[in-house]
Amino acid sequence: MAEAHAAVAFSFNVTPEGVDVKYNHEAIKAVWFSGVHSWKLRFIRFKNRCVNILYPAPPMSLFLITALVMGLQLYMERDLSCGAVDYAASFFPECVHEQCELFAALVFGITVWVAYVLVWRYTLKLLFLNHTWMYSPHGRMSLPNKIWVVIVNLIKGTKPLLFSFQAALPKLPVPSLRSTQKRYLKSVRPLLSDIEYDRMSKLADDFFGGIGKKLQRYLILKSWWSTNYVTDWWEEYVYLRGRSPIMVNSNYYGLDVIFVHPTHIQAARAGNMVYAFLKFREQIEHETLEPLLVNKTVPLDSVQYERLFNTTRIPGVETDILEHINGVTHIAVLSKGRYYKVYTHDHGRLLQPRDLERVFQQIIDDPSEPLKGEERLAALTAGERVPWAKARKAYFATGVNRASLSTIEKAAFVLVLDDVDYNFSAEDQDALSDFAKAMLHGNCYNRWFDKSFTLVISANGRVGFNAEHSWADAPIMAQIWEEGFSHETIDMGYTEDGHCKGELSSRNIRPIRLQWDIPSECVDVIESSLRTAQAIANDVDLFIQVHNHFGKGIIKKCKISPDAFIQLALQLAYYRDAGKFCLTYEASMTRLFREGRTETVRSCTVESSAFAKAVCEGDKSDEELKKLLLKACEVHQTGYRDAMTGKGIDRHMFCLYVVSKYLGVESPFLSEVLSEPWRLSTSQTPHSQMNKINLAKYPDHVCTGGGFGPVSNDGYGVSYIIAGEDMIFFHISSKRSCAETDSKGFAKKIVAAMADLRKICGQ
């Protein structure tokens, strides 16, 4: 049974006999080892920071270059300093001339080494500015780019740490006004009539030829001063300043593997997954996680990993903030409406899966009831931000409530032990969709939506997560998801009866029940937030389409990019569904640049709309349709590459809009552009970034992917994951309150469109 310990190390009472001090020895030990763990991490971070400052030059180069320079300067009488060493030594008396000459030679040697490091660093940065390799046809790289790859691999060093490449990554460039204007007008051409297009062209000319030039100058100045001219504003204004609920509207979810159910024991699945996640955290903290490389050559920015763990979104009246704590050695657990603190380390060592399983089983077996207001407490994180911010200040600023809330907010992450079974399969897509809804919003009070992520384990051992969006983008969660499944499958596994492998330790680590003193006024706020959240959740129409007719294996035979193929199918499906085209958002990443996050690919193009119309009109042969398809896919790929290489449209215009607001300048063009609804919002979830699971060896370990809520009131949100060679999962969301949308019906149109594209390609 879980013990209801107070979350303090000692307490005291004043009596007539004196002061009676009572120590909680377990808590004292936990605090001590937590401090030791924190100092170890500080030392590791300091050591790694030194290595990263020097990278790509190895630390030993300091001694080698300095010794070489001093040897040539002093003993072989090669004056590499052009007289600087002798000149510096001449200022000192003759009696110490030799010592001063030695010191001056040492300083000169270090200077040469610093120059060597900087030359390597900036040479690498210049090489990373080359993006022509991305535009090469698949498998046919030009000779100059092949030479470029060889040079990069020679210079970038070996065995880099996670953050070794950060200083060598180039800054995100600010596109020119004219290039953005040209791309924007081309992107809206299929959506506007001739009269509407002429009006928009005039608005664009007035803006880009007028006030836009002033805004651009400020933006260029910001790009010189800041690491990334987009990221800080994107995080603040798109995410943290939003006052509407983040549940469904911002947070997203991920699901379990579909064909494998490794254990039905909830505590065992939790033990292995928590252990795998905490081992991944160790790799981040020690920077032993290898940076992701595109084509094994070009690194992606790694800064988003920093806030994967120990991070919480703190509500505010005007804006939220992200709070990140280092050196955390506990997680928060929510089970049957009760909250617990579980220490993840014992005497400085990470608990093994079998020990974690025992702790979680104690929580599951705890017969105690939730305290007043405790069961639905998390509804505060699901509702409007302002009531939550005010309630936090009024009811959680002091006493036991503050201590317990701090435990949750400072935890590595939140683990939810659901008391519901989830049974699903590829054949039962409705059950799979119900599981997705449970991960997206649950019952609106059994997920802590402010946490960087909440790991959810169902009563029968199914696993999923809900993630807050402001701290990072979905590929980071996809990577830890891949790590968790691979570690569970390859390294850990389960016994024949479904328990974690390994022996129990002699020490029985017990969970600590968090205490609350929630007044009735706060309960009223909780209930109000719950009603708001339930209205949002009940309006979500979510359906998962398991597309197992064919996958990327067939698509690659068509000599088409799988992503472009799917995007063209989505355009065709939407045109059939709505009878028109719409502004379409596809998320692309800009992590080729320092602190890069995302850019928008506008998937609805002149070419894609021409193809969709031609298919629906039915007056062209398959050969003619194939030419239109190939052309549309080529244009889409170019747009995707442009977005990845800093030549996108939307982040540039977003930042121009922010500058205009700072300057108090009104722009009809920007106001109209930034208010255009994305009725089709799409995103591809990467299935394998680290290639940890070999699908040829483990064919059943395909991930179902994840999804998000609808972005527009009258549109669709579509997330898809290409799982192996023969399967694609589509996560489709819309709003039930909209009579024009139907997620399940749209899924059928996607399947039909995919089949039509396959037929056109002759496959």
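Structure report, in brief. (Residues numbered from 1 in each chain as written. Predicted model: local features only at pLDDT ≥ 70, side-chain atom pairs only at ≥ 80, totals over all residues. Heavy atoms only, no water.)

1. Side note on the nonpolar core
Then, in step 1: Residues Leu308, Phe360, Phe413, Leu415, Leu455 and Phe669 are the most contacted members of the largest nonpolar core, which totals 165 residues.
Then, in step 2: Filtering out sequence-adjacent residues up to four positions away, Phe413 remains in contact with Val274, Phe277, Leu278, Phe309, Ile331, Ala332, Lys451, Phe453 and Leu455. (Core = buried A, V, L, I, M, F, W, Y, C linked by side-chain atoms within 4.5 Å. Buried < 20%, exposed > 50% of the residue type's maximum accessible area, 1.4 Å probe, protein only. Contact = heavy atoms within 4.5 Å.)

2. Some points on the sheet that holds strand E22 (residues 727-735)
Think of a sheet as strands paired side by side through backbone hydrogen bonds, with each pair either parallel or antiparallel.
Then, in step 1: In space, the 6 strands of this open sheet follow the order E16-E22-E21-E19-E17-E18, with mixed pairing throughout. Either end of the sheet is taken by a strand with one partner, and the two such strands are strand E16 (540-547) and strand E18 (598-602). Each strand axis lies, on average, 20 degrees off the axis of its neighbour in the sheet, ignoring direction.
Then, in step 2: Looking at chain direction, E16 and E22 are connected through 8 bridges and run antiparallel. (Pairing = 2+ DSSP bridges. Helix = DSSP H or I, 4+ residues; strand = E, 2+ residues; numbered from the N terminus. Axes fitted to C-alpha atoms, helices over the stretch in contact; angles between N-to-C directions.)

3. Topic: the pattern of salt bridges
Then, in step 1: Considering all chains together, one arrives at 37 salt bridges under this definition.
Then, in step 2: A salt bridge links Arg269 to Asp256, with the shortest nitrogen-to-oxygen separation between them at 3.1 Å. Of this pair, Arg269 sits in helix H10 (residues 266-286) while Asp256 sits in the loop between strand E3 (252-254) and H10, placing them 13 residues apart in sequence.
Then, in step 3: Overall, Arg269 belongs to the buried group, its relative accessible area being 0%.
Then, in step 4: Given the relative accessible area of 0%, Asp256 is considered buried.
Then, in step 5: With a shortest N-O distance of 3.0 Å, Arg597 and Asp473 are connected by a salt bridge. Of this pair, Arg597 sits in the loop between strand E17 (584-589) and E18 while Asp473 sits in the loop between strand E14 (463-467) and helix H16 (474-492); the two residues are 124 residues apart in sequence, bridging distant segments of the chain.
Then, in step 6: Relative accessible area serves as the criterion here: at 6%, Arg597 is assigned to the buried category.
Then, in step 7: When its relative accessible area of 6% is taken as the criterion, Asp473 is described as buried.
Then, in step 8: Here the residues in one salt-bridge network are Arg243, Arg313, Asp320, Arg385, Asp450 and Glu468, joined through shared partners. (Salt bridge = Lys/Arg side-chain N within 4 Å of Asp/Glu carboxyl O.)

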